[in-house]
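# Working through the structure, step by step
Read off the chains here:
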Amino acid sequence: MRFIRQMTQKLLLVAGFGLCALSVSAAPASPENGKEYATLERPQPVDSGKKIEVIEFFAYYCPHCNALEPLLADWVKKQGDNIVFKRVHVSDSRVLPQQKLFYTLEALGKVDELHTKVFHTFHVERNNRLMSDADVLEFAVKSGIDKQKFVDVYNSFSVQSKLSRATQLMSAYQVDSWPKLAIDGRYVTSPVMAASGMGRVTEDAQNLAQIQVLDSLVSKIQREKNAPASTTPATPAASAAKAASKKK
């Protein structure tokens, strides 16, 4: 019996390695349009020059956005000057104070400093749910932001304009769930889409797949941007042949 148990354990171990290998091999190394990402019917204008624009649509209350954040932040740092990275906090009337918080932090130049802290406050500490203007103001003051300056920006026309712009962008990019990533004004993807060919996997696996898809799309766009234009002048012989064919 002991021998049988040992053999059974070995077989299960081998089977487990096999499943792991299958999951790895199924990762989206060559993502497909309509599967791991989608192409927008109406491409959106970008103002990133030679760099590639990447937009993250997210919400502070979203647990999936919170789970993706560390990997995405590392990926953005790794890309460096290859991309221009932007965030859009999605419009959701239930958590308007959180959306206004993001755009206020952006206006004050505090996103890099406090973005992760907002996620941590909501999802880990849970001592401030950031569901009201008072909650958000309390967070800002405790984070060292001048109270009056924060209130002025929070209630400003500039932040209100950002809220309207977020709604417009969600419509343009057909965002109905988050997190979602838009690349170069042409492609959209998400962790769920990125892992669609991998079967039933964990959220961590979905997020890793998302990074692979982003890498692939950025490389694809870079190749397109760097491809030489086909403006080679015709040779005299070719021009003469073309003229002769027109006379016939």
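Up top is the structure.
Residues numbered from 1 in each chain as written. Predicted model: local features only at pLDDT ≥ 70, side-chain atom pairs only at ≥ 80, totals over all residues. Heavy atoms only, no water.

### Digging into the overall build of the protein
Each helix and strand in the protein was counted, giving ten helices and five strands. Taking contacts inside the protein between residues at least 6 apart in sequence as the whole, the part at least 24 apart equals 74%. Element-wise, carbon and sulfur atoms account for 56% of the exposed surface of the protein, whose accessible area totals about 14800 Å². (Helix = DSSP H or I, 4+ residues; strand = E, 2+ residues; numbered from the N terminus. Contact = heavy atoms within 4.5 Å. Areas by Shrake-Rupley, 256 points an atom, 1.4 Å probe, with all protein chains shown as cover.)

### Concerning the pattern of salt bridges
One pass over the structure, following the stated rule, counts 13 salt bridges. Here Lys 51 and Asp 81 are joined by a salt bridge, their closest N and O atoms 4.0 Å apart. Taken as a pair, Lys 51 in the loop between β1 (38-39) and β2 (52-58) and Asp 81 in the loop between α2 (63-79) and β3 (83-89) lie far apart in primary sequence, 30 residues in all. By relative accessible area, Lys 51 is classed as partly exposed at 33%. (Salt bridge = Lys/Arg side-chain N within 4 Å of Asp/Glu carboxyl O. Buried < 20%, exposed > 50% of the residue type's maximum accessible area, 1.4 Å probe, protein only.)

### Remarks on helix α5 (residues 133-142)
When we look at burial in α5, the residues that qualify are Val 136, Phe 139 and Ala 140. Seen along its axis, α5 keeps its buried residues to an arc of 100°; they face one direction. With respect to the buried face of α5, the exposed residues turned more than 90 degrees away are Ala 134 and Lys 142. Buried residues in α5 make contact with α3 (96-107), α4 (111-125) and α6 (147-154). Looking one or two places after α5, you find Gly 144, whose phi comes out positive at around 95°. (Arc of directions from axis to C-beta.)

### Side note on the pairing of β2
Within β2, seven of the seven residues are buried, which leaves it mostly tucked inside the rest of the structure. Neither face of β2 is exposed, since Ile 52, Val 54, Glu 56 and Phe 58 on one face and Glu 53, Ile 55 and Phe 57 on the opposite face are all buried. In this structure, β2 lies alongside β3, joined through seven bridges in parallel fashion. Considered in β3, the bridge of Phe 57 is made with Val 88. After leaving β2, the chain enters α2 and then returns to the sheet as β3, a path that is right-handed. Pairing of β2 with strand β4 (residues 180-183) involves four bridges; the strand directions are antiparallel. If you follow Val 54 over to β4, its bridge partner there is Ile 183. (Pairing = 2+ DSSP bridges. Right-handed = clockwise from strand over helix to strand, strands pointing away.)

### Structural notes on the nonpolar core
One recurring pattern in soluble globular proteins is that nonpolar side chains are buried together. The biggest cluster of nonpolar side chains holds 39 residues, and the ones touching the most others in it are Phe 57, Leu 101, Leu 105, Tyr 173 and Trp 178. Elements with a contribution of two residues or more to this core: β2, α3, α4, α5, α6 and α7 (157-172). Among all residues touching Tyr 173, those that are not within four sequence positions of it are Leu 40, Gln 44, Glu 53, Ile 55, Phe 57, Ala 182, Gly 185 and Val 188. Counting 21 residues, the second-largest nonpolar core is a separate cluster that includes Val 76, Ile 183, Leu 217 and Val 218. (Core = buried A, V, L, I, M, F, W, Y, C linked by side-chain atoms within 4.5 Å.)

### Let's talk about α2
Taking 1.5 Å per residue, 17 residues should reach 24 Å; α2 reaches 25 Å between its end C-alpha atoms and fits that length. Roughly 40° is the biggest bend found in α2, and it falls at Glu 69, with proline Pro 70 one to four residues downstream. For α2, the set of buried residues is Cys 65, Leu 68, Glu 69, Leu 72, Trp 75, Val 76 and Gln 79. Looking at the buried side of α2, the elements it contacts are β2, β3, α4, β4, α8 (191-194) and α9 (203-226). One or two residues past the end of α2 sits Gly 80, with phi positive at roughly 55°. (Expected span 1.5 Å × (residues − 1). Bend = angle between axes of the 7 residues up to and from the residue.)

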